[in-house]
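Observations on the model geometry
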Amino acid sequence: MEFGLTPDQSALREQVLRFARQEIVPRVREHDLASEFDFDSWRKLGEYGVLGLNIPEAYGGGGADVMTCVVVGEALGEAGVDGGLTLAYGAHSFLCADTIAAHGNEEQKALYLPRLATGEWIGCMGLTEPGAGSDAAALRLRAERVDGGWRLNGTKMFITNGPIADIAVIFARTDAEAAHAGISAFVVRKGTPGFSAGKNLHKLGVRTSLTSELVFDDCIIPEENLLGMEGMGFFVALQTLEWDRSALLAPAIGTTGFLIDRCCRYAGEREQFGRPIASFQAVRHKIADLKIFQEAARSLVYRIAWCKDQGQPMNHLEASVAKLFVGDASLQPTNDAVVLHGGYGYCAEYDVERVFRDLRIAAIGGGTSDIQKMIISRLMGEGV
Amino acid sequence: MKILVTAKRVTDPDAKIRVKPDGTGIETAGLEYKLNPFCENAIEAAVSMVEKHGGEAIAVTIGTADVEQNLRTALAMGCERAIRVEIADDQLDSDLTARILVKLFETEKPDLFLLGKQAVDGDSNQVAQLVAEMLDLPQACFASGIVIENGEAVVTREIDGGIETIAVKLPAVVSADLRLNTPRLPTLPNVLKAKRKPLQVLTPAALGVDTALKVATVAYEAPPQRKGGIKVKTVQELVEKLQNEAKAL
Ligand SMILES: Cc1cc2nc3c(=O)[nH]c(=O)nc-3n(C[C@H](O)[C@H](O)[C@H](O)COP(=O)(O)OP(=O)(O)OC[C@H]3O[C@@H](n4cnc5c(N)ncnc54)[C@H](O)[C@@H]3O)c2cc1C
């Protein structure tokens with residue numbers, strides 16, 4: 001078992017750091033403060049090949065394995081790319097595009113993937129509903145068979161990229177009687193009559209990603225928009241959650257490195273009581289705690305990536321542990337990073353408060369920490 | 001059009017360089033490395049010429065296996081293949097470097113040999129000139145523009161007082177200046193594809209190159225630390241100090 005990056009992977013990291021610092025990071029703060037999606041950065045991520053990285057080469061993507069995606073995600077975070085943009089990228093590439101790559105038929109893949117790979121089309125994934133979050137299997141958005149297709153009625157909630165998405169992967173109920181087996185996945189195109197997106201919701205963090213409800217009101221979609229087999233939707237959703245708990249977490253590890261860098265620099269420069277605050281043990285320990293969190297989180301995330309690349313499917317226990325750890329264990333050290341900067345830490349100028357806010361989504365999005373614990377204890381089996 | 005282009009690895013120009021306490025070299029532990037910026041210009045020029053005129057660009061470097069990471073960058077930028085000649089950086093001088101490159105030129109027989117005008121670590125600025133001399137080829141150094149037409153390279157060079165334009169018959173040796181172009185950032189798919197491009201490893205022995213050096217490094221030392229300034233009280237004192245201490249008057 002290997003723990004370090006290969007020379008190729010560290011070369012890749014270098015390249016991404018350079019790209020992100022040059023092309024993306026200079027606009028981050030402006031867009032975060034305005035809660036705006038950065039279309040320029042999106043286009044650049046597409047041209048550079050980030051958005052299509054995990055998409056097969058045959059459909060215009062990079063054909064990269066999970067570990068490569070993790071290295072790239074980590075480098076984006078380390079360079080200082082905000083959690084909003086990396087979330088928008090994750091929802092697009094892992095939750096939307098990967099679902100189509102894994103479950104779509106030839107026509108669907110040929111139609112959607114090349115445009116998603118370049119970022120020309122923006123993708124989103126809708127599972128959560130106003131009345132079904134933690135208990136996703138209770139979703140009620142209804143898909144009824146009509147002549148030549150399906151009629152959708154219902155609402156999705158908190159959908160990343162919702163307001164700007166060109167295509168949405170939607171989980172809907174096709175059988176009112178069956179619980180888990182009554183759910184199917186569909187692709188819905190922007191502009192389909194009866195389909196509309198709500199306004200962007202103002203959020204604590206990840207502000208440059210846009211989040212909204214999606215409303216389906218007698219929305220008719222053709223037969224060929226069914227993704228995978230009828231009744232298989234819940235299992236399709238489970239696969240996207242696994243990505244959600246691995247490659248989507250990678251930027252958080254990098255972001256912690258970005259915070260460490262900020263903290264070291266500030267602690268070395270800022271003087272109080274006649275010496276740099278870095279000379280105080282309490283301050284040094286805050287930085288050590290960030291490092292400890294980063295190293296532990298990295299091992300967990302790399303492990304899931306490694307399992308997936310080894311062809312071990314459904315690493316749900318490991319994925320839930322990683323997700324929970326990143327969400328919960330990041331709270332104290334990222335708060336300390338803000339405090340280490342004193343009053344400046346509370347202001348936007350040093351970016352540490354933004355990172356603190358952005359990271360709070362990790363304990364909620366894609367399943368709260370309570371739900372992760374529920375999954376972990378359930379998967380541990382009889383002994384618990 | 002076939003182009004040979006150099007891709008030398010250098011210590012990160014932004015990193016703090018420390019001299020070993022015994023003065024035999026620089027401390028390499030923890031050092032970061034980059035592709036020489038002037039080589040990046042040369043590679044960009046080579047790759048865009050191939051895009052325009054067809055042919056192939058071959059990236060060459062000299063060094064141990066760890067320089068391959070930087071050679072891969074050249075492949076990611078668009079070179080078709082790469083050659084590395086195995087010899088450690090501290091076993092080289094400009095003369096040996098040039099003699100190795102001459103052998104590569106003779107084996108590959110390119111139409112154009114592009115190099116960075118100098119490497120930002122040693123700053124010798126000799127290799128392109130030496131190569132041209134040894135091969136008895138026309139040279140155009142410090143190029144800020146290159147146009148290929150009718151079997152010639154029309155090269156603009158920044159010289160004191162203006163810009164000089166010269167035409168050299170191909171094959172020729174051209175060294176790149178920073179203003180030649182803006183090197184591209186290779187896209188991720190190209191970075192991934194670069195891993196699969198051919199990279200050939202040769203030894204000086206296989207090329208028939210004698211590795212004896214002409215230049216021996218006697219010692220390295222860090223530049224003297226700058227002393228802080230002082231404030232003088234009178235103009236008299238200032239003049240006195242400028243005359244006797246700074247010897248500026
Ligand atoms: C910024 C953002 C982006 C998002 N993006 C997407 C997206 O792109 N696509 C998508 O489908 N969804 C998305 N979501 C939705 C997200 O996955 C849900 O918000 C999350 O799963 C929680 O669901 P909920 O909001 O309904 O909370 P609820 O399920 O109502 O939970 C409320 C509280 O009850 C607790 N709780 C619930 N059940 C239990 C239990 N059995 N035991 C213990 N505690 C329990 C929860 O932990 C939580 O603390 C996003 C959310 C946010 C905030």
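None of these values were measured; they are calculated from a predicted model. (Residues numbered from 1 in each chain as written. Chains lettered and ligands numbered in written order. Predicted model: local features only at pLDDT ≥ 70, side-chain atom pairs only at ≥ 80, totals over all residues.)

Re the site of the ligand
Residues and elements named next belong to chain A. Around the ligand, 23 residues are found, and the nearest of them are Leu 127, Gly 133, Ser 134, Thr 368 and Asp 370. Elements with a minimum of two residues in the shell around the ligand: strand E1 (123-126), strand E3 (149-160) and helix H14 (369-380). When grouped by side-chain class, the residues that make up the shell around the ligand number 11 nonpolar, 10 polar and two charged. (Near = placed C-beta within 6 Å. Helix = DSSP H or I, 4+ residues; strand = E, 2+ residues; numbered from the N terminus. Nonpolar A, V, L, I, M, F, W, Y, C, P; charged D, E, K, R; others polar.)

A word on unusual backbone geometry
The peptide bond linking Leu 170 of chain B to Pro 171 of chain B adopts the cis configuration, its omega dihedral lying at -5°. By the secondary structure assignment, Pro 171 of chain B is in the loop between strand E9 (162-169) and strand E10 (172-176). Of note in the backbone geometry, Asp 351 of chain A takes a positive phi value of approximately 65° without being a glycine. Considering the arrangement of structural elements, one finds Asp 351 of chain A in the loop between helix H12 (342-346) and helix H13 (352-359). Note on Asp 351 of chain A: 21 C-beta atoms within 10 Å, which makes it buried. (Buried ≥ 20, exposed ≤ 12 C-beta atoms within 10 Å, placed from the backbone.)

Points about helix H4 (residues 127-135) of chain B
Residue and element names in this part refer to chain B. What H4 keeps buried is the set Val 127, Ala 128, Val 131 and Ala 132. For H4, the buried positions fall inside an angular range of 130° around the axis, keeping them on one side. Packing partners of the buried residues in H4 comprise helix H3 (94-108), strand E6 (112-116), strand E7 (139-149) and E10. Immediately downstream of H4, the backbone of Asp 136 shows phi near 55°, a positive value. (Arc of directions from axis to C-beta. Contact = placed C-beta atoms within 7 Å.)

Focus on the interface of chain B and chain A
Each side of the interface is counted separately: chain B has 10 residues, and chain A has 15 residues. Of all elements in the fold, only helix H2 (68-77) and helix H5 (188-194) of chain B reach the threshold of two or more residues within the side of chain B that touches chain A. Ranked by residue count, the leading element in the side of chain B that touches chain A is H5 of chain B, at four residues. Its residues assigned to classes, the side of chain B that touches chain A comprises six nonpolar, two polar and two charged.

Examining the pairing of strand E8 (residues 152-159) of chain B
Taken residue by residue, a regular strand's side chains alternate between the two faces of the sheet. Residues and elements named next belong to chain B. Where E7 meets E8, six bridges bridge the pair, whose relative direction is antiparallel. Each bridged residue has a counterpart across the sheet, and for Ile 146 the counterpart in E8 is Val 155. Hairpin connection, E7 to E8: the antiparallel pair is bridged by two residues, and Asn 150 has positive phi, about 45°. Pairing of E8 with E9, which is carried by eight bridges, proceeds in the antiparallel orientation. Following the sheet pairing, Glu 152 is matched in E9 by Lys 169. Between E8 and E9, which follow one another and run antiparallel, lie two residues, and Gly 161 among them has a positive phi close to 85°. (Pairing = 2+ DSSP bridges.)

Concerning the domain arrangement of chain A
It is common to give the size of an interface as the accessible area lost on bringing the parts into contact. Residue and element names in this part refer to chain A. As assigned here, chain A comprises domain 1 (7-122), domain 2 (124-237) and domain 3 (245-379). Computed from C-alpha atoms alone, the centre-to-centre distance between domain 1 and domain 3 is 21 Å. If you look at the interface, domain 1 gives 22 residues, while domain 3 gives 23 residues. With 10 residues, helix H4 (residues 66-79) is the single largest residue contributor to the side of domain 1 that touches domain 3. (Domains from an automatic or database assignment.)

Overview of the sheet that holds strand E1 (residues 2-6) of chain B
Adjacent strands of a sheet pair through backbone hydrogen bonds, lying either parallel or antiparallel. Residues and elements named next belong to chain B. With respect to topology, nine strands assemble into an open sheet ordered E9-E8-E7-E10-E6-E1-E4-E5-E11, the strand pairing being mixed. Lying at the two open borders of the sheet, with one neighbouring strand each, are E9 and strand E11 (199-202). On average, adjacent strands in this sheet sit at an angle of 30° to one another, irrespective of strand direction. Bridge analysis of E1 against strand E4 (residues 56-62) gives five bridges, and the strand direction is parallel. Counterpart to Leu 4 in the pairing with E4 is Ile 58. Across the face of the sheet, H4 comes into contact with E6, E7 and E10 while running at roughly 65° to E7. (Axes fitted to C-alpha atoms, helices over the stretch in contact; angles between N-to-C directions.)

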